[in-house]
Amino acid sequence: MSLASDAAALSVERLRPAHLAETLLWLERDPVLHVYLTALTLRDALGSPHDETWAARRGGAIDALLYLGGRSGAVLPHGDDPAALRQMAEVARERRESLPGRIQVIGPEEGVRAIVAAFRTDG
């Protein structure tokens with residue numbers, strides 16, 4: 001996936017149980033802000049068959065995370081980098097069919113705005 005030139009150095013990857021320690025370290029950077037995402041990560045250890053966690057990486061390091069709740073409809077974008085959040089929004093848009101009809105986008109304002117904008121362009 002590629003969006004704009006400012007995202008050229010970004011890569012996107014679905015996280016698996018092997019990424020658990022790295023993901024928890026990233027979430028610990030702001031434990032209060034990431035409390036809900038941390039709880040979901042600890043609950044499922046990135047291994048739920050119904051939920052997905054995606055990372056946007058720059059230089060191999062996680063820059064943003066996106067949780068997609070396949071049953072709950074929770075869409076949780078987290079990160080500070082606008083280009084990484086746009087990448088996560090593109091993933092959410094592409095994975096929209098894997099979510100229930102009613103979703104809830106929860107998280108910091110910039111990530112929520114990116115998701116809403118991506119879904120608006122979908123039709």
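Now for a quick tour of the structure.

**Side note on the overall build of the chain**
On a plain count of helices and strands, the chain comes out with four helices and five strands. Relative to its length of 123 residues, the chain is compact, with a C-alpha radius of gyration of 13 Å against a globular reference of 14 Å. Its C-alpha atoms put the chain at 35 × 35 × 25 Å along the principal axes. Taking all 123 residues of the chain together, 43% fall into the buried category. Considering only residue pairs separated by 6 or more positions, the chain has 66% of its internal contacts joining residues 24 or more positions apart. When the accessible surface of the chain is summed, it comes to about 6,500 Å², and 53% of that surface belongs to carbon and sulfur atoms. Averaging the locations of the 14 positively and 17 negatively charged side chains of the chain gives two centres separated by 5 Å.

**Description of the environment of Arg102**
By the element assignment, Arg102 lies in the loop between helix H3 (82-94) and strand E5 (104-105). Sequence separation between Arg102 and Thr23 is 79 residues, and the spatial gap between their C-alpha atoms is 27 Å.

**Quick word on the nonpolar core**
Of all hydrophobic cores here, the largest spans 19 residues; its most connected members are Leu66, Leu68, Val75, Met88, Ala92 and Ile115. Breaking this core down by element, the ones donating at least two residues are strand E2 (51-58), strand E3 (61-69), H3 and helix H4 (109-120). By size, the runner-up hydrophobic cluster in this structure holds 13 residues, among which are Leu15, Trp26, Ile62 and Leu65.

**Focus: the environment of Ala55**
Structurally, Ala55 is set in strand E2. Judged by its relative accessible area of 0%, Ala55 is buried. Residues Ala55 and Arg71 lie 16 residues apart in sequence; the distance between their C-alpha atoms is 20 Å. For Ala55, the residues in contact, after removing those within four places along its chain, are Ser11, Val12, Glu13, Leu15, Ile62, Ala64, Leu65 and Met88.

Here is what the cut-offs are and how they apply
Residues numbered from 1 in each chain as written. Predicted model: local features only at pLDDT ≥ 70, side-chain atom pairs only at ≥ 80, totals over all residues. Heavy atoms only, no water. Helix = DSSP H or I, 4+ residues; strand = E, 2+ residues; numbered from the N terminus. Rg over C-alpha atoms; globule rule 2.2 N^0.38 Å. Buried < 20%, exposed > 50% of the residue type's maximum accessible area, 1.4 Å probe, protein only. Contact = heavy atoms within 4.5 Å. Areas by Shrake-Rupley, 256 points an atom, 1.4 Å probe, with all protein chains shown as cover. Lys, Arg positive; Asp, Glu negative; His and termini not counted. Charge placed at Lys NZ, Arg CZ, Asp CG, Glu CD. Core = buried A, V, L, I, M, F, W, Y, C linked by side-chain atoms within 4.5 Å.

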